Amino acid sequence: MGRLRIGFYGLTGCAGCQLSVIFNEDELLDIIKLFDIRAFPFIKASNDEERFDLVFMEGLVASPHDIETLTRIRAKTKTLVALGACAHSGCIPAYRSFTLKENYEHLLYSKAKDIADVEPEPISKHVKVDYVLPGCPPDKKEILHFMKEIALGKTPKFNHNPVCVECRLNGNDCLLIHGKPCMGPITSGGCHAVCVTGGFECWGCRGPTGDANYKAYIALLKKKGYKKEFIKTRMMMFAGKIQPEEMKACLQ
Amino acid sequence: MPSITLNHITKIEGHAKLYVEIKDNKVLKCELSSVEGSRYFEGILKGKHYYEAHEITSRICGICSCGHNVAATSAIENALGIEVSKQTLALKKLMTLGERIRSHATHLYFLALPDYMGYESALAMLPKYKKEVKRALSLMRFGNNLVKVIGGRDLHQVSMTVGGFLKIPKKQELDELAESAKILKEDAIETAKLFSKLTLYNIDDRCEHFSLHEKEEYAMLNSSLVSEKARFSEYEYLKYFEEYHNNYSTANFVSKDSKSFLVGSLSRINNNREQLSKDAKAILLSSSIKFPNTNPFTNNFCQAVELVHSMDQVIELCNSLTPKEERLVKPKLKKTRGVSAVEVPRGTLFHDYTLDKEGVIVHANIITPTALNLKNMEENIRNMLPVLIKKGNEEQVNLEIEKLIRCYDPCFSCSTHFLKVNWKRS
């Protein structure tokens, strides 16, 4: 089998996910040997779009240009990966859909047609997505592991445990016990609980776990003194447009 | 001279575009714009708590996430009258330096250098310039590691909050960073030498050069703004800088007295070269590039000089710190406004928050360095084109324009390395 033809693209986003690939400083030169990087506009001037075995797509859809890029690349790609929280859920930028228009009305202005706003959405709203590497930012070693599995022809497996599992393995103090609004119990792990290990409560950037008890979690935060509106905002901030029905029901 | 329309095309990753119309060797229209979708961060911040701003705004930019973190916490601290400890200030500076190192190294080697070496990318340079690419990776690794040790993660840091740090690095970690910085300083010096030798297009751009300025040190935060003709506090930025929209761009433009100006490494070195470290100053003086300088293309060299200075600063700060656990400084909430200006890799970054008496954000304004520089980039292109077109073919003209844009290290979403220009002859 020849080297896989791969591409890295960015829609509306912060480029942090693409940097999470490049910032694998020790492995970057090996990646280049193992894969045929056909396109990576962030760091390459010459980008060949003919066909891809694998494409990593960063960013959310927020402009007509994003839709055009996404559908064009999807049509040429065998396996499309949503890279990071924006592509996965719409991340913080999609929160705009849940806030009052008057909050950002003063920021709106007339734009040319080709750059006008479209509803902020994760890429799965517009095209079929084969895999998701979640997180804001995604874990850079997880990206490497994923690439290795694909190169070996395996089906990559993902962590479905809540963040708390890895947090415990790190021996961290539970921040909920300290009264912090940590979202570890309802958030998909795989991040090695990097935030809590750094002293900060989890904000849920890898998205909600499928089988969390949202009702009990909300009740717990209320008991700790957090108001419903605060809890709602926190839970929606990174879950964006992929809130499970059970979660939505609890946030009504 | 035939009439020419330079028309940007769809980008493969179209975050920026350039549209130019030329007739009879006169530039009729020059529009450099971001086509990045709008994310309305300032609107999303409205109604959030004062302690959430840094976590949200860090998502504005991956490579400058520390900058947004530091600017947001500092603006809120200024608003609430919080005086952070010396240790917190030192850690903020270390994070800012780590980010500057990884950002400059990424920009210089991965985005800027290939143009000068005749390659499409740093990856394509590998067979012949492996040493240089590896040097870039070493500098990036060090910068990222520094940010991670202080901030808890290399992108979108977690350990800093309003009033202090949630996790304090260990002395041993700081010692290791200082040791690495001593070794990496050689790579920084080599980088400066490399960029001092490149042949640059020459523009004499007499615009104002803005940066923070302090007498005692190479300013990073909490100081006043200066240029050749102005000096004012960060709180007064709206009196001087006017932010405006153009309907062709999703990035804002900024002007002062209707004129463009410049922020970034070149401005910092023009204004603050006396405050550079001894070795950074020596490199500056030994180079054939003279300062104060008016050619924006020298910004790359200035970034490389800042790499050397940053290594010296990291060594000094790490050696002088004896880290200890500290309590966060608790704020007294009140209706108030706070502004902070921070020197981030691409220039001066402003965060401005108004809070209500509950500590809820009622207004936020953020101005990024790229927005500050955008108008000046347009002006430079406008001035370069008539000369370039007389001398070069389409390919050469495009390359020089792209080099100009890249030397600003703009952050439309961090690069315009996909800038292509379509030529139409009418």
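Residues numbered from 1 in each chain as written. Chains lettered and ligands numbered in written order. Predicted model: local features only at pLDDT ≥ 70, side-chain atom pairs only at ≥ 80, totals over all residues. Heavy atoms only, no water.

S.K.: Tell me about the overall build of chain A, residues and numbers included.
M.R.: On a plain count of helices and strands, chain A comes out with 11 helices and five strands. The C-alpha atoms of chain A give 19 Å as radius of gyration, which agrees with the globular expectation for 252 residues (18 Å, within 12%). Out of the 252 residues belonging to chain A, those deemed buried represent 61%. Sequence-distant contacts in chain A: of pairs separated by 6 or more residues, those separated by 24 or more amount to 72%. In the structure as shown, chain A presents an accessible area of about 10400 Å², 54% of it carried by carbon and sulfur atoms. Within chain A, the 29 negative side-chain charges are centred at a point lying 4 Å from the centre of the 34 positive side-chain charges. (Helix = DSSP H or I, 4+ residues; strand = E, 2+ residues; numbered from the N terminus. Rg over C-alpha atoms; globule rule 2.2 N^0.38 Å. Buried < 20%, exposed > 50% of the residue type's maximum accessible area, 1.4 Å probe, protein only. Contact = heavy atoms within 4.5 Å. Areas by Shrake-Rupley, 256 points an atom, 1.4 Å probe, with all protein chains shown as cover. Lys, Arg positive; Asp, Glu negative; His and termini not counted. Charge placed at Lys NZ, Arg CZ, Asp CG, Glu CD.)

S.K.: Before we move on, could you go through the domain arrangement of chain A and cite the residues and values that matter?
M.R.: Residues and elements named next belong to chain A. In terms of domain boundaries, chain A breaks down into domain 1 (4-151) and domain 2 (163-251). Relative placement of domain 1 and domain 2: their C-alpha centres are 25 Å apart. Tallying the contact residues gives 18 residues for domain 1 and 15 residues for domain 2. Carbon and sulfur atoms supply 63% of the area that domain 1 and domain 2 bury against each other, a total of about 1300 Å² over both sides. Taken as a group, Ser-89, Tyr-95 and Phe-98 account for 37% of the area that domain 1 buries against domain 2, more than any other trio of residues on that side. Between Lys-241 and Glu-121 there is a salt bridge; the shortest N-O distance is 3.6 Å. Applying the counting criterion to the domain 1 and domain 2 interface returns six residue pairs in polar contact (both at pLDDT 80 or more). (Domains from an automatic or database assignment. Buried area = accessible area lost by both parts, 1.4 Å probe. Salt bridge = Lys/Arg side-chain N within 4 Å of Asp/Glu carboxyl O. Polar contact = N/O pair within 3.5 Å; in protein donor to acceptor, adjacent residues only side chain to side chain.)

S.K.: Account for the confidence of the model for chain B, naming residues and giving values.
M.R.: Residue and element names in this part refer to chain B. Residues of chain B with pLDDT of at least 70 account for 93%, and the chain-wide mean is 90. Confidence drops under a pLDDT of 50 for residues 1-14, and excluding neighbours within four residues, the segment shows 70 contacts in the predicted structure. Here residues 422-426 is a poorly scored stretch, pLDDT under 50, and it has 22 contacts once near neighbours within four places are set aside; other chains count. This prediction of the complex comes with two scores: 0.95 for pTM and 0.96 for ipTM. (pLDDT = per-residue confidence, 0-100.)

S.K.: Report on the sheet that holds strand S14 (residues 347-355) of chain B, specifying residues and quantitative values.
M.R.: Residues and elements named next belong to chain B. The strand order S13-S14-S15 describes an open sheet built from three strands, whose pairing is antiparallel. Of all the strands in the sheet, the pair left with one neighbour each is strand S13 (336-344) and strand S15 (361-367). Strand-to-strand, the axes of this sheet are offset by a mean angle of 10°, without reference to chain direction. Both S14 and S15 contribute to a ladder of six bridges, which runs antiparallel. Within the sheet, the bridge partner assigned to Thr-354 lies in S15 and is His-363. The strands touched by helix H3 (residues 65-79) are S13, S14 and S15; relative to S13, the strand with the most contacts, the crossing angle is about 150°. (Pairing = 2+ DSSP bridges. Axes fitted to C-alpha atoms, helices over the stretch in contact; angles between N-to-C directions.)

S.K.: Before we move on, could you go through the sheet that holds strand S3 (residues 52-58) of chain A and cite the residues and values that matter?
M.R.: All names here are of chain A. Ordered in space as S2-S1-S3-S4-S5, the five strands form an open sheet in which the pairing is parallel. On the outer flanks of this sheet lie strand S2 (35-39) and strand S5 (131-133), each paired with one strand and no other. Going from strand to strand, the sheet's axes swing by 30° on average, the running direction of each strand aside. Of the strand pairs in this sheet, strand S1 (residues 4-10) and S3 are connected by five bridges, and their pairing is parallel.

S.K.: Report on the side chain of Glu-142 of chain A, specifying residues and quantitative values.
M.R.: Residues and elements named next belong to chain A. If you trace the backbone, Glu-142 turns up in helix H6 (residues 140-151). Owing to a relative accessible area of 15%, Glu-142 belongs among the buried residues under this scheme. Engagement of the side chain of Glu-142 in a polar contact is seen with the side chain of Arg-206, the distance being 3.0 Å.

S.K.: Break down the interface of chain B and chain A for me, with residues and values.
M.R.: Contacts between the two partners involve 67 residues from chain B and, on the opposite side, 65 residues from chain A. When chain B packs against chain A, close to 5800 Å² is buried across both sides, 65% of that on carbon and sulfur atoms. Across the contact surface, chain B and chain A share four salt bridges. For Arg-234 of chain A, the salt bridge goes to Glu-52 of chain B, with nearest N and O atoms at 2.9 Å. No other element matches helix H5 (residues 122-151) of chain B, which puts nine residues into the side of chain B that touches chain A.

S.K.: Tell me about helix H10 (residues 228-239) of chain A, and name the residues and values.
M.R.: Between the first and last C-alpha of H10 of chain A there are 17 Å, a value that for 12 residues agrees with the 16 Å anticipated at 1.5 Å per step. Most of H10 of chain A is tucked away, with nine of its 12 residues classed as buried. Packed against the buried residues of H10 of chain A are helix H4 (85-89), helix H9 (214-223) and helix H11 (245-251) of chain A together with helix H2 (53-57) of chain B. (Expected span 1.5 Å × (residues − 1).)

S.K.: Lay out the domain arrangement of chain B with the relevant residues and their values.
M.R.: Residue and element names in this part refer to chain B. Examined at the domain level, chain B breaks down into domain 1 (4-37 + 378-425) and domain 2 (41-375). Look at where the C-alpha atoms of domain 1 and domain 2 centre, and you get two points 26 Å apart. Summed over both partners, the interface of domain 1 with domain 2 buries about 2500 Å², with 56% contributed by carbon and sulfur atoms. On the domain 1 side of the contact with domain 2, Cys-407, Tyr-408 and Asp-409 bury the most area, a combined 25% of that side's loss.

S.K.: Lay out the nonpolar core in plain terms, naming residues and giving numbers.
M.R.: Ranked by size, the top nonpolar core spans 190 residues in total, and within it Phe-56 and Met-235 of chain A together with Leu-94, Phe-110 and Tyr-353 of chain B carry the most contacts. Top contributing element to this core by residue count: H5 of chain B, with 14 residues. (Core = buried A, V, L, I, M, F, W, Y, C linked by side-chain atoms within 4.5 Å.)

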